[in-house]
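Fold and contact review
Take a look at the letters that make up each chain.
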Amino acid sequence: MDYGSILEERTSPVVLMNAREQYMRQCARGDPSAASTFAFAHAMIGSKNKLDVKEGIVCLEKLLRDDDDRTSKRHYVYYLAVAHARLKHYDISLGYIDVLLEAEEGNDQAKRLKEDIKSAMTHDGLIGAAIVGGGALALAGLVAIFSLSRK
């Protein structure tokens, strides 16, 4: 995967902490603004912590339901695709990207993300196959050792 990919970008712990504090202050005063909620969600989906990413997804889904602005919805859908890809929920991620590309066929950013997601799927599939293959070799080795020790 291209290391310049948005899927590789991470939010620093300091930015995460600041975003959470600002969001919580707004929540304490009532409903936080869409801009504040989006900033918080964007920071959370960049976290290395899967629970933070899931929290960001919840915020983005709420924004997608509640915000009527078409341009904002485009951003929410895009970042939902990013967040789900980071959690390796590739099918959901591709679903969001396909919806976005259906609405905006010429969206190069979405096209690049789709390619990055497919690349991650391929990479994870090969790693998964390597782990299974390695496990099978280890098991075969244990069986051979066990068989030799019985003779």
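Looking at an unreviewed UniProt entry, the protein chain carries the name Mitochondrial fission 1 protein, with the source organism given as Caenorhabditis remanei. UniProt, in the comment section headed Sequence similarities (unreviewed entry), describes the protein chain in these words: "Belongs to the FIS1 family." For the record of the protein chain, the UniProt heading Function (unreviewed entry) holds the text "Involved in the fragmentation of the mitochondrial network and its perinuclear clustering."

1. Comments concerning the environment of A85
Mapped onto the fold, A85 is located in helix α4 (residues 70-86). Linking A85 and I117, residues 32 residues apart in sequence, is a C-alpha distance of 6.5 Å.

2. Section: unusual backbone geometry
Phi is positive for K88, which is not a glycine, with a value near 70 degrees. The topology assignment puts K88 in the loop between α4 and α5 (90-103).

3. Observations concerning the pattern of salt bridges
Taken as a whole and assessed by the stated rule, the structure comprises six salt bridges. The salt bridge partner of E55 is R20, with a shortest N-O separation of 3.1 Å. Placement of E55 in helix α3 (residues 50-66) and of R20 in helix α1 (residues 13-28) is noted, with a sequence separation of 35 residues between them. Ionic pairing is found between R74 and E104, a salt bridge with its closest N-O pair at 3.6 Å.

4. Re the packing of aromatic side chains
Summed over all chains, the structure comprises four aromatic pairs. The interplanar angle of 45 degrees and the centroid separation of 5.8 Å between the aromatic rings of F38 and Y76 together place this pair among those described as tilted. Of the two residues, F38 is situated in helix α2 (residues 34-45) and Y76 in helix α4; the sequence distance between them amounts to 38 residues. Given the relative accessible area of 22%, F38 is considered partly exposed. Here a set of aromatic residues connected by ring pairs shows up, and it is made of F38, Y76, Y78 and Y79. Cation over ring: R74 sits above Y78, and NZ or CZ is 5.6 Å from the ring centre.

5. Looking at the environment of C27
Here C27 is to be found in helix α1. In sequence terms C27 and T37 are 10 residues apart; their C-alpha atoms lie 9.4 Å from each other.

6. Quick look at the nonpolar core
Counting 35 residues, the largest nonpolar core has L60, Y78, Y79, V82, I97, L113 and I117 as its most contacted members. For this core, the leading source of residues is α4, giving nine residues. When near neighbours in sequence (up to four residues on either side) are disregarded, Y79 contacts I6, F38, H42, I45 and L60.

Conventions adopted
- Residues numbered from 1 in each chain as written.
- Predicted model: local features only at pLDDT ≥ 70, side-chain atom pairs only at ≥ 80, totals over all residues.
- Heavy atoms only, no water.
- UniProt positions renumbered as here; feature names shortened; annotations may be inferred.
- Helix = DSSP H or I, 4+ residues; strand = E, 2+ residues; numbered from the N terminus.
- Salt bridge = Lys/Arg side-chain N within 4 Å of Asp/Glu carboxyl O.
- Phe/Tyr/Trp six-rings, centres within 6.5 Å; stacked < 30°, edge-to-face > 60°.
- Buried < 20%, exposed > 50% of the residue type's maximum accessible area, 1.4 Å probe, protein only.
- Lys NZ or Arg CZ within 6 Å of the ring centre and 35° of its normal.
- Core = buried A, V, L, I, M, F, W, Y, C linked by side-chain atoms within 4.5 Å.
- Contact = heavy atoms within 4.5 Å.

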